[in-house]
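# Chains, contacts and geometry: an overview
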Amino acid sequence: MDIRQAFLDFFASKGHKIYESAPLVPDDPTLLFTNAGMVPFKNVFTGEVPAPNPPRAASCQTCIRAGGKHNDLENVGHTARHHTFFEMLGNFSFGDYFKEEAIAYAWEFVTEVLELPKERLWVTVHESDDEAEAIWTKHIDKSRILRMGDKDNFWQMGDTGPCGPCSEIFYDQGEELFNGPEDYLGGDGDRFLEIWNLVFMQYDRDARGNLTSLPKPSIDTGMGLERVVAVKEGKPSNYDTELFMPIIRKVEEMVGKPYRYETGASYRVIADHLRSTTFLLAQGVNFSNEGRGYVLRRILRRAVRHGYMLGFREPFMYRLVETLVRIMGGHYTYLEEKRPAVEEAMRLEEARFFDTIEAGIALFNKELARTKGKVFSGEVAFRLYDTYGFPLDLTQDMLKEKGIEVDVAEFERLMQQQRERAKAAWKGSGDARVEGDFKELLERFGHNSFVGYDQLEAKSEIWAVMNDGFARVTCLEPGQRGWVLLDVTPFYAESGGQCGDRGELRQGDEVVAEVVDTKKFFGLNLSEVVAKKRLCERDTVEAKVDNSRHEIAKHHSATHLLHSALRSVLGEHVSQAGSLVEAERLRFDFSHPKPLSAQEIARVEKWVNDIVERGISGAVEEMAMEEAKAKGAMALFGEKYGERVRVVSFGEASVELCGGTHVANTAEIGIFLITKESGVSAGVRRIEAICGHAAYEHVKRLRHTLAEVTASLKAKDPLLGVKKLQEQVRELKNELKEAQKGKKSELAIQRLGDAAVVVDEVEAGDIKALIDDLKNAHEKVAVMLFQKKGGKVLIAAGQKGTAIKAGEWVKTIAPLLGGGGGGRDDFAQAGGKKPEAIGEAKEAAMAYLKERLG
């Protein structure tokens, strides 16, 4: 039985709009990942935006709980129910139906669609919810209803805001399987399994904790697909079901060891973590050392460590992706499309960790043997993280089996030191949470009309004016910055990587406001303005986009051609990971495992310019999504597409779903130049490029620079002039080396015991090279050299075969010269500001040697 589809079909028959699963990276800067089915509807529940039409919805939402407040990572593999990735079935009512219908729908689905035996079903309600209990008695005997307190049966989004009692449906898995002391309804045992939670959002809690009834109460329900599948299949653990067992069997086959549930935690960790990593990679999250990418890295490395315990010594997770795609690719079709890129990114990350895991585990075991008591060194845990790539929770996971804890305070102290040095602490998503009077605008005006595809000017009425804090005002005074909502707007709002339009608002011959940016908020196209004259609601204005729009269009069309070029030159695994399109440049991030060679960059650049020179006409069509896919249009994961989509194509060279602005013919793009290729994160590369007027200006600057170089070299051929200079430099270097060789014999070599020692001042030459020569010439030697450089002093020290530690020696002597430094035991260097003290420093350096070697 396809429970996922059965659920969606059931609620569609009840008048619900079915929503596709929203991205795992939510449009909410307060959350690391989408962690519940209601997250995509959060703005509706909080009242920030109006309820959709129809005001009832259902979805099967992919969720991740592996970071931040909601983190199930450490329990995965050790329990029957915990997962980092899961699917949440949910139905929602936004001020439409309430408890009566929600309970009736749930009971009908569980008993008539899933056909679960009624005698195994139990229900809980909040201790104060007489209404819910009375409704449930229409479906189930009152003896099977249990009242519980706030801890179990009251839900709230935060300390303030929407909240309410909830009712949970439980399935009795049987006393014959579960008969421990906690196996009662409301206990912590597994006998009574919660399968569905119905939240009755009927109150608003204020800052003082007072509850006020909402005028239009709502419904938010959540049912874990994995649990329901286990119940339907009669399996005591989610991992025993068809969702996980094919993966576990594949691991079993690859490693050559049979899986037994009692000892199979590592198999279960791998199966769960495969789902998380595959979905995150397929949705565009990449491995990195911060934020979401670091959580992804932690999950994969935890799985690799469990694979290592099973006997894997080379990348294996990527070989399991095909099995997962067979299980889930029918519903999540993008998994098959992204599979090659996911496999390659996963393989590379696994290989990186396998390179260091053995040495890391050796260090771990060495410290473990030294650990007395129950606390593991925070300094070693930090070294495992910093040098060997072991996330802290992986080290903690390894110690959990031994009943030992990490000295987290010491680990965090060292981490903070590193952050301060690198100034690289992650501070959330970097986005500011936008709050304002958007709901009021949506309810009064609805969405405004964008006409900018066909025209760059429009006569518009100002529907609403907002200040720079998005609060509605009547007018903006001259010099004030704010936002305007035009009924009809030619200004393109930032979207799909393309920057927002700029321009002006005019009344007759006067400019009344400068438009400095355009963005979308909850579907409203708003232009940010700086008022030049008084600007008020209901004013009529001429809205005019500035000349940069055409240059932006050139760079956007060039981005599409670049995407096609990369897939043509590098392979079909290339997929877009991000983009920026502006009037002066474009930036394109894409999946690829290694840097592009100079030859590959040249081929990509030529491919694009060939299409530009062919002058291929562009076409923009609206069509159904299925028709667009059949046409071969490339779509970007995470972009919100409607039932009908906009397809931008340039012959067969490029076909993409896109809402941006483009040129009518590729010839308008002009010359296309790649200016930089670099890495963004593991498995993601970046190309920066220019075209149109920006490329012309770039070539003009290059030509001017070349003319200046030619004039400076006084040569008609600048390359010949450069070669001549290089030859002269080589000759001068050789002369300098010969001169320095003549100085080497002047170094005063003394002996202390059986060691040669040198403490001297050198006028010229490379003092490090002189020290290396002395070390090569003597079995035992200690040397410190001083050299004046532009009013300062360079100090270098080295030793071989003696008890002297160069780093400590330098730290002792450098302060005499007003400086400091350090280094290794065999070589160290420093700088000083007092060349006049070299004599005193030489005496101190020799005294240091005599005390230790004499």
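None of the values given here were measured: they were computed from a predicted structure. (Residues numbered from 1 in each chain as written. Predicted model: local features only at pLDDT ≥ 70, side-chain atom pairs only at ≥ 80, totals over all residues. Heavy atoms only, no water.)

## With respect to the packing of helix α16 (residues 548–570) against helix α19 (residues 692–713)
At a minimum axis distance of 7 Å, the contact between α16 and α19 shows a crossing angle of 90 degrees. Regarding the angle of α16 to α19, the classification is roughly perpendicular. Along the contact surface, α16 presents Glu551, Lys554 and His555, while α19 presents Gly692, His693 and Ala694. Tallied by class, the residues present in the contact of α16 with α19 amount to one nonpolar, three polar and two charged. (Axes fitted to C-alpha atoms, helices over the stretch in contact; angles between N-to-C directions. Helix = DSSP H or I, 4+ residues; strand = E, 2+ residues; numbered from the N terminus. Parallel < 35°, antiparallel > 145°, perpendicular 65-115°, else oblique. Contact = heavy atoms within 4.5 Å. Nonpolar A, V, L, I, M, F, W, Y, C, P; charged D, E, K, R; others polar.)

## With respect to the side chain of serine 218
Residue placement: serine 218 occurs in strand β11 (residues 211–224). A distance of 3.2 Å separates a polar side-chain atom of serine 218 from the backbone nitrogen of glycine 95. Apart from the residues within four sequence positions on either side, serine 218 is in contact with Phe45, Ser93, Phe94, Gly95, Phe98, Val199, Phe200 and Met201. (Polar contact = N/O pair within 3.5 Å; in protein donor to acceptor, adjacent residues only side chain to side chain.)

## Brief notes about the pairing of strand β28 (residues 644–650)
Among the seven residues that make up β28, six are buried, leaving the element largely enclosed by the rest of the structure. Pairing of strand β27 (residues 618–624) with β28 involves seven bridges; the strand directions are antiparallel. Across the sheet, residue valine 620 finds its bridge partner in β28, namely valine 648. Pairing analysis gives four bridges linking β28 to strand β29 (residues 654–657), with the strands arranged antiparallel. Each bridged residue has a counterpart across the sheet, and for phenylalanine 650 the counterpart in β29 is serine 654. (Buried < 20%, exposed > 50% of the residue type's maximum accessible area, 1.4 Å probe, protein only. Pairing = 2+ DSSP bridges.)

## Digging into the state of the cysteines
Counting across every chain of the model gives one disulfide. With its sulfur 2.0 Å from that of its partner, cysteine 475 forms a disulfide with cysteine 536. Residues cysteine 475 and cysteine 536 are joined through a disulfide that is right-handed, its torsion about the S-S bond being 110 degrees. Pair noted here: cysteine 475 is in strand β17 (residues 475–476) and cysteine 536 is in strand β23 (residues 535–536), with a separation of 61 residues, a long-range link. Residue cysteine 60 stays outside any disulfide, its sulfur separated by 8.6 Å from that of cysteine 63, the closest cysteine. (Disulfide = S-S within 2.5 Å.)

## Section: the environment of valine 762
For valine 762, the location among the structural elements is in the loop between β33 (755–761) and α21 (767–777). Separated by 253 residues in sequence, valine 762 and aspartate 509 have C-alpha atoms that sit 76 Å apart.

## Focus: the sheet that holds β28
As summarised here, the arrangement of the three strands in space is β27-β28-β29, forming an open sheet in which the pairing is antiparallel. One side of each edge strand has no neighbouring strand; the edge strands of this open sheet are β27 and β29. The sheet shows a mean angle of 25 degrees between the axes of neighbouring strands, direction not considered. Across the face of the sheet, α16 comes into contact with β28 and β29 while running at roughly 115 degrees to β29.

## Section: the nonpolar core
Inside soluble globular proteins, nonpolar side chains tend to come together where they are buried. By size, the foremost hydrophobic cluster in this structure holds 114 residues, and its most contacted members are Phe7, Trp136, Trp196, Met317 and Phe376. Among the elements that make up this core, the one with the highest residue count is helix α11 (residues 334–370) (twelve residues). Setting aside chain neighbours within four positions, we find tryptophan 196 in contact with Phe7, Phe11, Asn91, Ala106, Phe109, Val110, Ser167, Glu168, Ile169, Thr221, Gly222 and Met223. Val574, Leu586, Ile669 and Cys691 belong to the second largest nonpolar core, which has 29 residues in total. (Core = buried A, V, L, I, M, F, W, Y, C linked by side-chain atoms within 4.5 Å.)

## What about helix α3 (residues 99–113)?
Across its 15 residues, α3 extends 20 Å between first and last C-alpha, which sits within 8% of the 21 Å expected from 1.5 Å per residue. Within the sequence span of α3, burial applies to Lys99, Ala102, Ile103, Tyr105, Ala106, Trp107, Phe109, Val110 and Thr111. Remark: glutamate 115 follows α3 within two positions and exhibits a positive phi of approximately 60 degrees. (Expected span 1.5 Å × (residues − 1).)

## Considering unusual backbone geometry
Put simply, asparagine 53 and proline 54 share a cis peptide bond, and its omega is 0 degrees. Mapping proline 54 onto the fold places it in the loop between α2 (42–45) and β2 (56–64). For glutamate 115, which is not a glycine, the phi torsion comes out positive at approximately 60 degrees. In this fold, glutamate 115 is placed in the loop between α3 and β6 (121–126). Its identity as a non-glycine residue notwithstanding, phenylalanine 470 has a phi of 65 degrees, on the positive side. Note on placement: phenylalanine 470 falls in the loop between β15 (457–467) and β16 (472–473). Under the relative-accessibility criterion, phenylalanine 470 is labelled buried at 11%.

## Brief notes about the sheet that holds strand β30 (residues 672–681)
If you trace the four strands from one edge of the open sheet to the other, you get β25-β26-β31-β30, paired in antiparallel fashion. Strands with a single pairing partner mark the edges of an open sheet, and in this sheet they are β25 (576–581) and β30. Each adjacent strand pair in this sheet contributes to an overall mean axis angle of 15 degrees, direction not counted. Both β30 and strand β31 (residues 684–691) contribute to a ladder of eight bridges, which runs antiparallel. Bridging from a neighbouring strand, glutamate 677 pairs with isoleucine 687 of β31. Docked against the sheet, α16 engages β25, β26 (586–591), β30 and β31, running at close to 25 degrees with respect to β26. Where α19 meets the sheet, it contacts β30 and β31, and its direction lies at approximately 80 degrees from that of β31.

## So, the packing of helix α8 (residues 265–282) against helix α9 (residues 291–310)
Where α8 meets α9, the closest approach of the two axes is 9 Å, and the angle between their N-to-C directions is 150 degrees. When the axes of α8 and α9 are compared, the pair comes out roughly antiparallel. Considering how the two elements wind past one another, α8 and α9 form a crossing that is left-handed. Only Leu296, Ile299, Leu300, Arg302, Ala303, His306, Gly307, Met309 and Leu310 of α9 make contact with α8, whose side of the interface consists of Ser266, Tyr267, Val269, Ile270, His273, Ser276, Thr277, Leu280 and Leu281. (Left-handed = near helix turned anticlockwise from the far one by under 90°.)

## Digging into the pairing of strand β37 (residues 827–832)
Sheet topology places strand β35 (residues 792–800) next to β37; six bridges connect them, and they run antiparallel. Within β37, the position partnered with alanine 797 by the bridge is alanine 828. Sheet analysis places strand β36 (residues 820–823) next to β37, joined by four bridges and oriented antiparallel. Each residue of the ladder has a partner; that of glycine 821, found in β37, is alanine 830. The antiparallel hairpin formed by β36 and β37 contains three residues in its connecting segment.

## Re the pattern of salt bridges
Within the structure shown, the criterion is met by 50 salt bridges. When the shortest N-O distance is used, the salt bridge between aspartate 517 and lysine 519 registers 3.7 Å. Classification of aspartate 517 by relative accessible area gives buried; the value is 15%. Through salt bridges with shared partners, a single network forms among Asp130, Glu133, Lys142 and Arg147. (Salt bridge = Lys/Arg side-chain N within 4 Å of Asp/Glu carboxyl O.)

## Concerning the side chain of histidine 83
Summarising the element assignment, histidine 83 is placed in the loop between β4 (70–71) and β5 (85–93). A distance of 3.4 Å separates the side chain of histidine 83 from the side chain of aspartate 272, its partner in a polar contact.

## Some words on the packing of aromatic side chains
The tally for this structure, following the rule as stated, stands at 42 aromatic pairs. Geometrically, the ring pair formed by phenylalanine 10 and phenylalanine 11 is edge-to-face, given 4.9 Å between the ring centres and 90 degrees between the ring planes. In terms of burial, phenylalanine 10 and phenylalanine 11 fall into one category: buried. The structure contains a cluster of three or more aromatic residues connected by ring pairs, namely Phe7, Phe10, Phe11, Tyr97, Tyr105, Phe109 and Trp196. Positioned above the aromatic ring of tyrosine 261, the side-chain terminus of arginine 268 is 4.0 Å from the ring centre. (Phe/Tyr/Trp six-rings, centres within 6.5 Å; stacked < 30°, edge-to-face > 60°. Lys NZ or Arg CZ within 6 Å of the ring centre and 35° of its normal.)

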